[in-house]
Amino acid sequence: MSVPMRVIAPLAMWMAFGTLVADPLLAQVAVQGVVVDDVSGQPLKGSRVLLLNRYNKIVGYEVADVEGRFSFKPRDGTRLRLEAMAVGYLPTITPVLWMAEDRDSVVLEIRLAPHVVLLAPVEVVAMSAPKTSPVLENAEFRRSKGLGVHLTRADIEQRRPVHISDMLVTVPGVYAEQRRPGAGGRTVSMRRAGKCPVQIFLDGMLATRGGDGGGVVVDDLVSPLDVEVIEVFRGLASIPPEFLTREARCGVIAIWTRRGLEPQS
């Protein structure tokens with residue numbers, strides 16, 4: 001499905017996203033833009049935008065801000081493309097952007113069409129209380145699709161860890177660092193050309209802050225006795241949209257407690 005994309009203006013006519021300033025650094029800004037809903041025209045906060053080179057290799061990655069804006073500063077390349085995607089919308093890839101000498105920068109508007117799935121009419125003949133929480137169902141769905149590494153309640157009961165970090169270090173690629181003397185008191189990281197702090201979610205809420213993972217001591221967050229499921233996502237491609245942040249490149253750990261899995265009444 002073809003989705004419209006508009007080149008709003010070259011650098012010399014840039015009016016949509018700020019006032020043109022005579023600054024030599026502007027020559028480095030190759031691509032800026034905004035992602036909007038194709039029907040309402042409203043900006044799509046949190047939409048993901050990939051910068052592709054002439055070989056369709058990803059050379060840049062951005063998450064649109066609250067106004068749907070994004071920007072890239074490519075190091076090289078004159079033929080570039082953008083791929084935009086958002087939850088509930090059809091993804092789209094722009095045509096090739098020719099970065100000519102007389103157009104050092106372009107501003108784009110990428111419009112994503114809502115992805116509406118029509119379902120056949122359903123007749124409800126009986127209802128019963130759900131057996132599991134929707135949170136647990138979502139985690140099980142991700143496990144069935146091979147997304148991430150999952151540590152279940154059965155794994156925890158079998159290994160009987162004293163601290164939650166004792167379970168996490170059993171996952172290949174996950175490392176723990178002692179932050180204070182004694183048992184526990186450890187932060188976790190993953191190896192990405194060196195130590196790379198991860199983003200940690202507890203019952204769906206981000207527990208870490210900042211690009212360095214916030215230095216959160218994971219053993220202070222929760223006891224293994226209270227944990228139902230742990231999800232470990234080691235690569236950017238496997239991270240679900242609900243856990244995707246600007247600092248998620250190092251990986252994401254999602255911890256679900258028994259309290260967080262209780263069905264809502």
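Everything here concerns the structure above.
**Observations concerning the overall build of the protein chain**
Argument step 1. Helices and strands together make up the secondary structure of the protein chain, namely 3 helices and 17 strands.
Argument step 2. Here the protein chain holds 265 residues, and the buried ones make up 40% of them.
Argument step 3. If you take every contact in the protein chain between residues at least 6 apart in sequence, the share linking residues at least 24 apart comes to 60%.
Argument step 4. Only carbon and sulfur atoms are counted for the fraction: they give 54% of the accessible area of the protein chain, which is about 15700 Å².

**With respect to the pairing of strand β6 (residues 79-85)**
Argument step 1. A large share of β6 lies buried, amounting to 5 of its 7 residues.
Argument step 2. Sheet analysis places strand β3 (residues 48-52) next to β6, joined by 5 bridges and oriented antiparallel. Looking at the pairing, Val49 lines up with Ala84 of β6.
Argument step 3. In terms of strand pairing, β6 meets strand β8 (residues 97-98) through 2 bridges, oriented antiparallel. For Arg79, the partnering residue across the bridge sits in β8 and is Trp98.

**Side note on the environment of Phe201**
Argument step 1. Among the secondary structure elements, Phe201 is positioned in strand β14 (residues 199-202).
Argument step 2. With relative accessibility at 5%, the residue Phe201 sits in the buried group.
Argument step 3. It is 6.2 Å that separates the C-alpha atoms of Phe201 and Ile253, two residues lying 52 residues apart in sequence.
Argument step 4. Residues in contact with Phe201, not counting those within four places in the same chain, are Leu206, Ala207, Glu242, Phe243, Thr245, Val252, Ile253, Ala254 and Ile255.

**What to know about the packing of aromatic side chains**
Argument step 1. For the structure shown, the criterion picks out 4 aromatic pairs.
Argument step 2. Ring geometry for Phe70 and Phe72: centres 6.0 Å apart, planes at 55°, overall tilted. No difference in accessibility class separates Phe70 from Phe72, as the two residues are buried.
Argument step 3. Measuring from ring centre to ring centre gives 6.4 Å for Phe243 and Trp256, while their planes differ by 50°; the resulting arrangement is tilted. Here Phe243, found in the loop between β16 (227-233) and β17 (252-257), pairs with Trp256, found in strand β17; they are 13 residues apart in sequence, far enough to count as distant. No difference in accessibility class separates Phe243 from Trp256, as the two residues are buried.
Argument step 4. Taken together, the aromatic side chains of Phe201, Phe233, Phe243 and Trp256 make up a single cluster linked through ring pairs.

**Some points on the sheet that holds β17**
Argument step 1. In spatial order, the strands read β10-β16-β17-β14-β15; together these 5 strands make up an open sheet with mixed pairing. Looking at which strands have only one partner, the edges of the open sheet turn out to be β10 (149-152) and β15 (205-206).
Argument step 2. In the sheet, β10 pairs with β16 via 4 bridges, with the strands oriented antiparallel. Looking at β16, one finds that His150 is bridged to Glu231.

**Re the nonpolar core**
Argument step 1. Residues Leu168, Val188, Ile230, Val232, Ile253 and Ile255 are the most contacted members of the largest nonpolar core, which totals 19 residues.
Argument step 2. Mapped onto this core, the elements with two or more residues apiece are α3 (164-168), β12 (186-191), β14, β16 and β17.
Argument step 3. Setting aside residues up to four positions removed in sequence, Leu168 forms contacts with Val174, Val188, Val218, Ile230, Val232 and Ile253.
Argument step 4. Within the second largest apolar cluster, 17 residues are counted, among which are Leu51, Phe72, Leu80 and Leu82.

Calculation notes
Residues numbered from 1 in each chain as written. Predicted model: local features only at pLDDT ≥ 70, side-chain atom pairs only at ≥ 80, totals over all residues. Heavy atoms only, no water. Helix = DSSP H or I, 4+ residues; strand = E, 2+ residues; numbered from the N terminus. Buried < 20%, exposed > 50% of the residue type's maximum accessible area, 1.4 Å probe, protein only. Contact = heavy atoms within 4.5 Å. Areas by Shrake-Rupley, 256 points an atom, 1.4 Å probe, with all protein chains shown as cover. Pairing = 2+ DSSP bridges. Phe/Tyr/Trp six-rings, centres within 6.5 Å; stacked < 30°, edge-to-face > 60°. Core = buried A, V, L, I, M, F, W, Y, C linked by side-chain atoms within 4.5 Å.

Spatial relationships are all this shows, so hold off on functional conclusions.
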